[in-house]
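# Breakdown of the fold
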Amino acid sequence: MGDDFDAIVVGAGMGGCAAAIRLAQGGANVLLLERGVEPGAKNLSGGVLWGNDLARILPRWAEEMPVERHLVRKRFGFLTTESAVSFDLDDGRWRAPPYAAHTVLRARTDAWLARQAEAAGATVVPAVPVERLNWDGNVVRGVVQGGETMTAPVTILADGANSRLALSTPIRPAARLSAGATELGIKEVYRLDAGRIEERFGVGPGEGHAEEWVTGLFPPGVMGGGFLYTNRDTLSLGVILNIGSLFSRGIASHELVERFRLHPAIASRLRDAELVEYGAKLISSGWASRPAAFHGDGWMVAGDAAGFVFSNGIVIQGMNYAVRSGLEAAETALASRTAKDASASRLAEYDARLERTGILPDFRDFESLDRVKWNLRFHTAYPRFATELFHALMSESGGRKQHLRRVARTAQRAAGISSSDLLRDGLSFLRDL
Ligand SMILES: Cc1cc2nc3c(=O)[nH]c(=O)nc-3n(C[C@H](O)[C@H](O)[C@H](O)COP(=O)(O)OP(=O)(O)OC[C@H]3O[C@@H](n4cnc5c(N)ncnc54)[C@H](O)[C@@H]3O)c2cc1C
């Protein structure tokens, strides 16, 4: 008996929409299923989108997709309870079209992408929370929802972090979703008129600013970072927390967002802004959170469901990997359709494509990133070190001037970093970051 579709894609996020668009453009009869009442309704990113990969399927995406602002400045810094040290990259290359990156709100972008999938010929059905994969022995042949089975020779799982479909199968043993490899993102959106955003962040109309902070202001042992991004007439603010470090601390995650939001370096930009939206989402980040396999008989897994989020404390990039892996899964599915073969050995092309396009190398090469990112000193001692160091360099105390070597030594002592830790961490930063 024939299948209902050539391919089924589960999840209309960035990865699933990209896959569905490419499949439809390639002439496949594709079904895109989304559990949210509409695509984007359940999605959440910071979010800065590095959208080069989208141009492969939508050459005019940057002009047509509802993006917020094009990025002209990125800030990275350290916060302590009372101070902040930060570095700005004002990159001239980002100021001229085609812009490198845009801030986005997923409710808008994903809904637009799903419409592009529909326009290309895909069947897009929202409000369908797929219950499980339809297994025929070791072979996946579509999905099951509400007692109904929809079949296809290839199913692409693009259902995001904590993929329920993958969790309940051999694709992703639950043990892999460990506290160390899983982060909790909490985000708030504040309305503020465009003119005030431009004045407070020093950007022109249409220009955007994004900042990431290592937040040395959480209770002892809690590790995480904060972000603040400019949208058209809203600000996206949030924290990303190491879940393991939250266990048994007795602190609610919203209190941590509040600490970040109320820090003077942040609060001054949020004055009179009105909270309009908030949400939380898991992030499966890095090599440790990868599934047991990226493909098998009749299935491939893409985007967050495959753990493709690169987050090192300075950047968080997941949407670009979701799009790229979704596209590579789609190309593989198109080739398997031509070959009339969706066996694991045919779909092994997907892994080869993940290698060739740099996705697997990016995650494998940075396998030890967590040694820096989740080094407790990075979240406690180094913010203190940075603020002490720059305080001494940038102020006048009435005493004698000191050479940098002495100033750094004093800051190191004030931050409680031993010389052996400093050496070890320095080597780790150079090697793992
Ligand atoms: C706080 C935060 C900040 C971030 N900031 C950035 C950033 O600045 N830049 C960046 O590039 N990335 C950022 N990311 C990461 C980025 O959001 C993800 O990498 C990206 O959304 C992954 O896309 P995806 O399509 O794989 O998954 P998702 O966007 O999660 O989409 C999965 C889709 O599948 C649907 N779904 C799930 N289960 C089912 C089911 N059973 N049936 C049907 N549908 C289902 C969901 O509703 C959803 O629409 C951030 C993430 C967080 C949480």
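Residues numbered from 1 in each chain as written. Predicted model: local features only at pLDDT ≥ 70, side-chain atom pairs only at ≥ 80, totals over all residues. Heavy atoms only, no water.

### What to know about helix 3 (residues 106–120)
With 15 residues, helix 3 extends 20 Å between its outermost C-alpha atoms, agreeing within 8% with the 21 Å of an ideal straight helix rising 1.5 Å per residue. Taken together, the buried positions of helix 3 are occupied by Arg106, Thr109, Asp110, Ala111, Trp112, Leu113, Ala114, Gln116 and Ala117. Residues of helix 3 that are buried make contact with helix 1 (14–25), strand 2 (30–33), helix 2 (61–64), strand 7 (123–125) and helix 9 (319–339). (Helix = DSSP H or I, 4+ residues; strand = E, 2+ residues; numbered from the N terminus. Expected span 1.5 Å × (residues − 1). Buried < 20%, exposed > 50% of the residue type's maximum accessible area, 1.4 Å probe, protein only. Contact = heavy atoms within 4.5 Å.)

### Details of the side chain of Arg261
Here Arg261 is to be found in helix 7 (residues 253–262). Assessed through its relative accessible area of 17%, Arg261 is described here as buried. A polar atom in the side chain of Arg261 sits 2.9 Å from the side chain of Glu188. Discounting chain neighbours no more than four positions away, the residues touching Arg261 are Glu188, Tyr190, Leu237, Ile266, Ala267 and Leu270. (Polar contact = N/O pair within 3.5 Å; in protein donor to acceptor, adjacent residues only side chain to side chain.)

### A closer look at the site of the ligand
Taken together, 38 residues surround the ligand, and among them Glu34, Ser45, Val48, Arg106 and Asp304 come closest. The separation between an oxygen atom of the ligand and a polar main-chain atom of Gly318 is 2.9 Å. Considering the ligand on its own, with 1,000 Å² of exposed area, one finds that the protein chains cover 98% of that surface. Of all the elements in the fold, those that place two or more residues in the shell around the ligand are helix 1, strand 14 (224–230), strand 16 (274–284), strand 20 (316–317) and helix 9. The element that contributes the greatest number of residues to the shell around the ligand is helix 9, accounting for three residues. Looking at which domains feed residues into the shell around the ligand, each of domain 1 (7–68 + 104–176 + 286–368) and domain 2 (182–284) supplies at least three. (Near = heavy atom within 4 Å. Areas by Shrake-Rupley, 256 points an atom, 1.4 Å probe, with all protein chains shown as cover. Domains from an automatic or database assignment.)

### Some remarks on the pattern of salt bridges
Tallying each qualifying case throughout the model produces 33 salt bridges. The partner of Glu68 in a salt bridge is Arg232, and the shortest N-O contact between them spans 3.5 Å. Of this pair, Glu68 sits in the loop between helix 2 and strand 4 (69–79) while Arg232 sits in the loop between strand 14 and strand 15 (234–242); the two residues are 164 residues apart in sequence, bridging distant segments of the chain. A residue is classified by how much of its surface remains accessible, and Glu68, at 6% relative accessible area, is buried. On the basis of relative accessibility, which here comes to 38%, the residue Arg232 falls in the partly exposed class. The partner of Arg196 in a salt bridge is Asp272, and the shortest N-O contact between them spans 3.4 Å. Within this pair, whereas Arg196 is found in helix 5 (residues 194–201), its partner Asp272 is found in the loop between helix 8 (264–270) and strand 16, the two being separated by 76 residues in sequence. What makes Arg196 partly exposed here is its relative accessible area of 32%. Among the residues examined, Asp272 registers a relative accessible area of 60% and is labelled exposed. (Salt bridge = Lys/Arg side-chain N within 4 Å of Asp/Glu carboxyl O.)

Without other data, these values stay purely geometric and don't point to any function.
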